[in-house]
Amino acid sequence: MKKYIAIAVIILIIIGFFLFRRPPAKVETETPANQNTNLSQTSTFPAGWTIVSESDTTVKLEKIVTSGLKPEVIFKVTTSKDAVTPAKYVDNLKAGARATLPGLVYLTDKRNSQESAYTAFLTGYYFNQGKKIFVDQRLYIQGETVNTFTGSSDSNLTEEVSQILSSLSQEKIGQ
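The structure displayed is predicted, hence computed values, not measured ones. (Residues numbered from 1 in each chain as written. Predicted model: local features only at pLDDT ≥ 70, side-chain atom pairs only at ≥ 80, totals over all residues. Heavy atoms only, no water.)

As a further point, take the overall build of the protein. Across its full length, the protein holds four helices and seven strands. Seen in sequence order, the protein has helices and strands lined up from the N terminus as α-α-β-β-β-α-β-β-β-β-α. The buried share of the protein, reckoned over its 175 residues, is 30%. A separation threshold of at least 6 residues defines the contact pool for the protein, and within that pool the share at least 24 residues apart is 39%. (Helix = DSSP H or I, 4+ residues; strand = E, 2+ residues; numbered from the N terminus. Buried < 20%, exposed > 50% of the residue type's maximum accessible area, 1.4 Å probe, protein only. Contact = heavy atoms within 4.5 Å.)

Inspection of the secondary structure assignment puts K63 in strand β2 (residues 58-63). Judged by relative accessible area, K63 falls into the buried class, the value being 14%. Note: C-alpha distance between K63 and A47 (16 residues apart in sequence) is 8.3 Å. Non-local contacts of K63, meaning those with residues more than four positions away in its chain, are made with A47, G48, W49, K70, P71, L157 and E160. At 3.3 Å, the side chain of K63 and the side chain of E160 are in polar contact. (Polar contact = N/O pair within 3.5 Å; in protein donor to acceptor, adjacent residues only side chain to side chain.)

Moving on, we get to the sheet that holds β2. Ordered by their spatial adjacency, seven strands build an open sheet running β1-β2-β3-β7-β6-β5-β4, and the pairing between neighbours is antiparallel. One side of each edge strand has no neighbouring strand; the edge strands of this open sheet are β1 (49-54) and β4 (105-113). Going across the sheet, the axis of each strand differs from the next one's by a mean of 15°, ignoring polarity. Pairing of strand β6 (residues 131-142) with strand β7 (residues 145-153), which is carried by nine bridges, proceeds in the antiparallel orientation. Bridged to V135 within β7 is S152. Across the sheet, helix α3 (residues 86-100) is in contact with β3 (72-79), β4, β5 (118-128), β6 and β7; its angle to β4 comes to roughly 165°. Set on the sheet, helix α4 (residues 158-173) makes contact with β1, β2, β3, β6 and β7; between it and β7 the angle comes to about 160°. (Pairing = 2+ DSSP bridges. Axes fitted to C-alpha atoms, helices over the stretch in contact; angles between N-to-C directions.)

For the rest of this paragraph, the subject is the packing of aromatic side chains. The full count for this structure, using the stated rule, is five aromatic pairs. Taken together, F75, F121, Y140 and F149 form an aromatic cluster joined through their ring pairs. Sitting over the ring of Y106, K94 keeps its end group 4.8 Å from the ring centre. When the ring centre of Y125 is taken as origin, the NZ or CZ atom of K132, which lies over that ring, is 4.1 Å away. (Phe/Tyr/Trp six-rings, centres within 6.5 Å; stacked < 30°, edge-to-face > 60°. Lys NZ or Arg CZ within 6 Å of the ring centre and 35° of its normal.)

For the protein, per-residue confidence averages 82 on the pLDDT scale, and 78% of positions sit at 70 or higher. Confidence, read as mean pLDDT per element, is least for helix α2 (residues 33-42) in the protein (45) and greatest for β4 (95). Below pLDDT 50 for its whole length, residues 27-37 participates in eight contacts with residues either more than four positions away or in separate chains. (pLDDT = per-residue confidence, 0-100.)

What follows concerns the pattern of salt bridges. Across all of its chains, the model carries nine salt bridges by this definition. In this structure, K60 engages E72 in a salt bridge whose closest nitrogen and oxygen atoms are separated by 3.5 Å. A residue pair is termed long-range when its members are at least 10 positions apart, and K60 in strand β2 and E72 in strand β3 qualify at 12 residues. Exposure remark for K60: the relative accessible area of 25% places this residue in the partly exposed category. (Salt bridge = Lys/Arg side-chain N within 4 Å of Asp/Glu carboxyl O.)

What follows is the structure, given as structure tokens:
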């Protein structure tokens, strides 16, 4: 009799597991085609650059390379209560980047505070696998909303990255 009760309990546990488990969270790996089409139709990127992923709040582009590190450009919209003090927010962002990449050296830090937005243009470099990687980052802060454009590449592609950052910022936020 105990054997049948044990089997019944196991069956109830299995049935309960299937009835009450949460379905796995959907991970969106690809965005709708109409969004990718809109950006690629309205923006012109240098040869070899492709949109890897795109959503309303994120765009990622990569340059096709045969070897080495892939140059990339990323656009991301975030919100943060800390962004209401934008200078401090940018300082904290830089400190966090230095903590992640101890060899990160900032070459420029140009900031501008206007009534409509706070902007910060940062450039720098770090070494990865013995190669010098250049980073170009542009932040546009309005209230708690932060639009971040970041590009990384070797020295041969810094102009292309800058061109893409300008094109993306014009397309996404009109600046």
